[in-house]
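As a plain string of letters, each chain reads:
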Amino acid sequence: MSLETVEHALAEFYCNQNVEVHKILLDFQNSVDAWNLVWNMLDTSKPHEIQFFGATTLHIKITKQWLQLKRTDYMLLRDKILDTLIKYYNSSGPANVINKLCYCLCAYVVRTVPNHWPDAIPQLMETFRNSLSQSSINVSVMILEILMALPDEFGATTLIQTRRNEVRRELQQSSLQVLSIVDSILQSDSLDPIVVHALKCAASWLDIGFDLIKCHQLTDTFISVILNPERSQVCVILAIDALKSLCTHPRTSVCEATVFEVLSKVIILSDKLFNLEITEEPNVVVDKLFDLFLGIGDQHFRPIVQGLLNNNTRELCTKYFNLYLTCTNAPGYYPVNENYSEKTFTFWFLLQDDLLSNDAGPDNSLLTIVKPLYVSLTQVLLKKVAYPENLESWTPDERELFRCYRQDISDTFTYCYFILQSEMLDVLLTIYKQVTCDRETAIAQWQTVEACLYAFTAIAEPLQNHDSHPHIKQLMSSLGSLPYEQIDQKAAVAAMDTIGAYYYWMETNPSYLDLIVPLLMMGLHNSNMFSSASIALRDIAKECRQSIAPYNDVILNTSMIALKQVKKQKEELRLMYTIGVILSAMPFPKCKPSLDMFINPSLEVITNILAIEENAEFVKNRSLLQNRIRVLSSLVSAIDQKHTVYHIIETTTPLLHITAVKYFISSSEDILYAVVCEFLKTIVSKLQEDGSLALNVIIEILMIGFRKSPQPAGMILFKEIVIMFGRQNVYIPIIKSTYEEICMRVKCMFEQVSPADQFSLGDVMESYLSLQGHIFRKWPFIAVDNPNVDFTFVFKLASEALCANEIFLAKTATFFLTAFISTSREKRSLFKVIEDNGQFLVMKIICIIKGDVVKTNLDIMCEVLLMLNKKYSDNLRRWFHDIVTVQNIVLPNVTEDMKTKFFKRVLKEKSNKKALQGAVREFSFICRGLIQIDPETES
């Protein structure tokens, strides 16, 4: 491809971004000719766009196509990059081109140190000092730009581990020299632009690794920049980032004495964080400083905690703990006024986890020291979790962030409870009593009321594992006196949530149901409280079936009224589930009138809709029909009494059969069919081992819709039938015949679409292979030796699905294939399927390995490869040889020797899945060009 062609294509691409032109440019970048043509494009007289494209192409060649370059050309390439970069810098060329050339040079360094270019970094600095004609300031900027890009390029380059370690060691040997240069620049009276480059360079090199003992003097340098009022905010922020890199690198943990020396210097910056005022938006510098101290807390957690026991370090460590509490207590509301406090939650988790670990013990002295801190933390969290007065004025995004923030605080309340136990309950109950001492106070301070109830709700689960606390009795007794009509509804909802959270407590304290049940019935009549009240009622009804029996009539009557007022279906479904729980606790003759009272309205609606003759009118009511079936399904899902389930079957299946005959449609997305199947699946799960009453009609309804159009819902229902009744001889004939027909119709469906369009039926494919996988794992006798099922089709379909971009489909294919291959050795008909089509599967596996399929499928596919190697090792060796050698399938970026070594390694692994995955992943990454390997070195 000529230079003129490329330049013309580039000009056209910038005008209209034509796809064909884009392909021409990509082809050029992938060609060997590009190594030579880029230098013409990088001529300083060329237009800016051509220069930048040339620099970008050069970077791609070095990072992605290094193997195209001969070793004899390495030095020539280096000299050309250096000459071009110096030329651009001396002529003040475009900044983005210079920047890209810097990354080209750094990519070259990563590829060649230390074997082909020893002492690269000192040579680079010396070269630029001697070659640049600009002022010393610009020379410094240039050197810093290159040095800054080198760690970035190293981090962005994918290398095999041995090579990565080799390059890292080489960079670390130069880190002290680089950081010394940075230190001298920062200590001089340099201008802000140079300081910015120096700080960025420092942060990059500190991330590579360093010797803290030799570099800790940088702490003073960074702090001086942060405290210098003449420095710009950009410099201050970058200095904080660099200081964080210095203080939080993992290698610093080995020098504990030096760590404390550094921490004693850094703590001076905390003066900026105390006595903060509420601001309209978060302060960037404050945010960065909190990040710094929290990073220190994460990295040096153990020394800081243990330092509380040492007289020499206790004062310093106490300052750090108070600083973290100050951060949690940042003034204002998250996320509007501050965004710092949520960053401390991880620290509080780590602290309680460490204090309660086995080596610390529950009675250790650290716990005694830290308990007052957690008491203060509890009080701070109560303030931070409280709702603001002006929540409605916040944006939707801010309200969502605040909701997530409250959930994080809920988790942190549990950490506080693990440390404080009953002391936390004392704190919460004392504050709660203060704000609920009378109606007026409760109404005025509803935010604190809600916060206390929220905290009690948060710790309900850990409280379940401890002895009963008298605090909960006091709390429950007080809930009846809250002014629910006058207080803000958020507090009223919190009261319902609290009742629901302590559902387990009601079982051992049934006398409190006299108070709680009326409150919940009141909640069901209130649209704001309905959701929380219905959840609480559901959980209490499930836990306290016997204790709540005296209130069944009240609950059922109230629920009947509430159902007429419910507007959201998910709330109706929840309440119907609760009704099902209540009815399950009653003997069938007694519960039948109530059961009919709740199912008859839905049955009447269904009957009326089915009576509609005009199709257009029925379509309008189709969603209503679906909703009524969902309601019945929710009721059934809660019932575990056989006679009650049978009664529902008798009343519903005739209507569902009419629905199937008249209104199932030939569509892969028939929602009505899916809803009916979900209802029948719930029924099947309740039948236990006796399906004589309903199984035939359920399968008939299933197949009416499936014959019109195979759908996932039908196969999921059939899978449930197989799971429940697959072992029972009486049902095997109907299960086998249904299985045979499902296989036939799925095959017919896929034969009507082209191979390219198969994945458009991915949901059908996934549910079908899941069904097959379950059958072959648990009841292979249902499938094996069935002459009417084409297992070659199933096997090839699964092999295709293994290459799907949808991860769940690939996993399902693996689930089936491993089961099928495992079973096939004992069954002649299945063995022949593998013998005849195993090479087809191996071809798909090789396509995944060489990069035709997304790399997320690699680990999944290895399970199939491992099973093939276990059961068909000799065949696998032959298939590999035939595909790679005889058919000569190209595996890019690898030599014949590398192929041979890889296939030998694969065939060796018959049990170690992790080792196989590692080998396959590395080889695939080489094929995909994600890992660059010198073939001569590899061989």
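Small disclaimer: the values here were computed from a predicted structure and weren't measured.

So, on to the overall build of the chain. On a plain count of helices and strands, the chain comes out with 47 helices and zero strands. Considering only C-alpha atoms, the chain reaches an extent of 100 × 80 × 55 Å along its principal axes. Nonlocal contacts in the chain, meaning residues at least 24 apart in sequence, comprise 75% of its contacts between residues at least 6 apart. Carbon and sulfur atoms make up 51% of the accessible area of the chain, which totals about 40,700 Å². Positive and negative side-chain charges of the chain, numbering 88 and 105 respectively, have mean locations separated by a distance of 6 Å.

So, about the side chain of Asp287. Tracing the sequence through the fold places Asp287 in helix H15 (residues 284-299). Other than its neighbours up to four places away in sequence, Asp287 contacts Asn339, Tyr340 and Lys343.

Within the fold, Ser709 resides in the loop between helix H36 (695-708) and helix H37 (712-725). Those residues within four positions of Ser709 in sequence are excluded, and the remaining contacts are Ser666, Ser667 and Ser668.

As annotated in UniProt, the feature "domain: Importin N-terminal" (unreviewed entry) corresponds to residues 21-87 in the numbering used here. Counting secondary structure, residues 21-87 comes out at 73% helix and 0% strand; the distance between its end C-alpha atoms is 31 Å.

Glancing now at the packing of helix H34 (residues 642-663) against helix H35 (residues 671-686). Where H34 meets H35, the closest approach of the two axes is 11 Å, and the angle between their N-to-C directions is 155°. For the element pair H34 / H35, the angle class is roughly antiparallel. Crossing handedness for the pair H34 and H35: left-handed. Across the interface between the two elements, Val645, Ile648, Ile649, Thr652, Leu656, Thr659 and Tyr663 of H34 pack against Leu672, Val676, Phe679, Leu680, Ile683 and Lys686 of H35. Considering only residue class, the contact of H34 with H35 consists of 10 nonpolar, two polar and one charged.

The subject of this paragraph is the packing of helix H28 (residues 513-524) against helix H29 (residues 530-543). Any two packed helices are characterised by how steeply their axes cross, that is the angle between the axes, and by the distance between the axes. It is the contact of H28 with H29, at a shortest axis distance of 8 Å, that shows an interaxial angle of 140°. Taken together, H28 and H29 sit at an angle that is classed as oblique. The two elements H28 and H29 meet at a crossing, and its hand is left-handed. Where H28 abuts H29, its residues Leu513, Ile516, Leu520, Met521, Gly523 and Leu524 lie against Phe530, Ala533, Ser534, Ala536, Leu537 and Ile540. Of the residues in the contact of H28 with H29, the class split is 10 nonpolar, two polar and no charged.

Before going further, it helps to spend a moment on unusual backbone geometry. A cis amide bond, omega -10°, links Val113 with the succeeding residue Pro114. Its location among the elements puts Pro114 in the loop between helix H6 (95-112) and helix H7 (120-131). Note that the residue after Tyr334, namely Pro335, is joined by a cis bond; omega there is 0°. Looking at the element boundaries, Pro335 is found in the loop between helix H17 (314-328) and helix H18 (345-355). If you check the backbone angles, Asp119 has positive phi at about 55° while not being a glycine. Its location among the elements puts Asp119 in the loop between H6 and H7. The phi dihedral of Gln421 is positive, around 55°, even though this residue is not glycine. Along the polypeptide, Gln421 turns up in the loop between helix H20 (396-420) and helix H21 (422-435).

Under the definition given, this model contains 39 aromatic pairs. Centre to centre, the rings of Tyr320 and Tyr324 are 6.4 Å apart; their planes meet at 50°, and the pair counts as tilted. With a gap of four residues between them, Tyr320 and Tyr324 both fall in helix H17, about one helical turn apart. Under the relative-accessibility criterion, Tyr320 is labelled buried at 1%. In this structure Tyr324 comes out as buried when scored by relative accessible area, which is 1%.

Our focus in this paragraph is the nonpolar core. One finds Leu351, Phe413 and Tyr502 to be the most contacted residues of the largest nonpolar core, which totals 350 residues. If you look at the next biggest cluster of nonpolar residues, it comprises 13 residues, including Leu3, Val6, Ile50 and Phe53.

Between its first and last C-alpha, H35 extends 23 Å over 16 residues, near the 22 Å set by a 1.5 Å rise per residue. Residues of H35 that are buried sit in contact with helix H33 (615-637), H34, H36 and H37. The N-capping residue of H35, defined by a side-chain oxygen 3.2 Å from the backbone nitrogen of Leu672, is Asp670. Where H35 terminates, the next one or two residues include Gln688, which has phi positive at roughly 55°.

With that settled, the discussion passes to helix H44 (residues 873-886). With 14 residues, H44 extends 19 Å from end C-alpha to end C-alpha; this agrees with the ideal 20 Å at 1.5 Å per step. Those residues of H44 not exposed but buried are Ser873, Asn875, Leu876, Trp879, Phe880, Ile883 and Val884. Down the axis of H44, the sector holding all buried residues measures 155°, keeping them to one side. Opposite the packed face of H44, turned more than 90 degrees from it, sit the exposed residues Asp874 and Val886. Buried positions along H44 lie against helix H42 (828-850), helix H43 (857-871) and helix H45 (896-908). Count one or two residues on from H44 and you reach Asn888, which has phi positive near 60°.

The final tally for this structure, using the stated rule, is 32 salt bridges. The shortest N-O distance in the salt bridge between Asp220 and Lys265 comes to 3.1 Å. Separated by 45 residues along the polypeptide, Asp220 in helix H12 (residues 218-227) and Lys265 in helix H14 (residues 256-266) bring together distant segments of the chain. With a relative accessible area of 39%, Asp220 lands in the partly exposed category. Judged by relative accessible area, which is 21%, Lys265 ranks as partly exposed. Asp852 is the salt-bridge partner of Lys850, the closest N and O atoms lying 3.1 Å from each other. Each of Asp287, Asp291 and Lys343 takes part in one network of salt bridges that share partners.

Definitions and cut-offs
- Residues numbered from 1 in each chain as written.
- Predicted model: local features only at pLDDT ≥ 70, side-chain atom pairs only at ≥ 80, totals over all residues.
- Heavy atoms only, no water.
- Helix = DSSP H or I, 4+ residues; strand = E, 2+ residues; numbered from the N terminus.
- Contact = heavy atoms within 4.5 Å.
- Areas by Shrake-Rupley, 256 points an atom, 1.4 Å probe, with all protein chains shown as cover.
- Lys, Arg positive; Asp, Glu negative; His and termini not counted.
- Charge placed at Lys NZ, Arg CZ, Asp CG, Glu CD.
- UniProt positions renumbered as here; feature names shortened; annotations may be inferred.
- Axes fitted to C-alpha atoms, helices over the stretch in contact; angles between N-to-C directions.
- Parallel < 35°, antiparallel > 145°, perpendicular 65-115°, else oblique.
- Left-handed = near helix turned anticlockwise from the far one by under 90°.
- Nonpolar A, V, L, I, M, F, W, Y, C, P; charged D, E, K, R; others polar.
- Phe/Tyr/Trp six-rings, centres within 6.5 Å; stacked < 30°, edge-to-face > 60°.
- Buried < 20%, exposed > 50% of the residue type's maximum accessible area, 1.4 Å probe, protein only.
- Core = buried A, V, L, I, M, F, W, Y, C linked by side-chain atoms within 4.5 Å.
- Expected span 1.5 Å × (residues − 1).
- Polar contact = N/O pair within 3.5 Å; in protein donor to acceptor, adjacent residues only side chain to side chain.
- Arc of directions from axis to C-beta.
- Salt bridge = Lys/Arg side-chain N within 4 Å of Asp/Glu carboxyl O.

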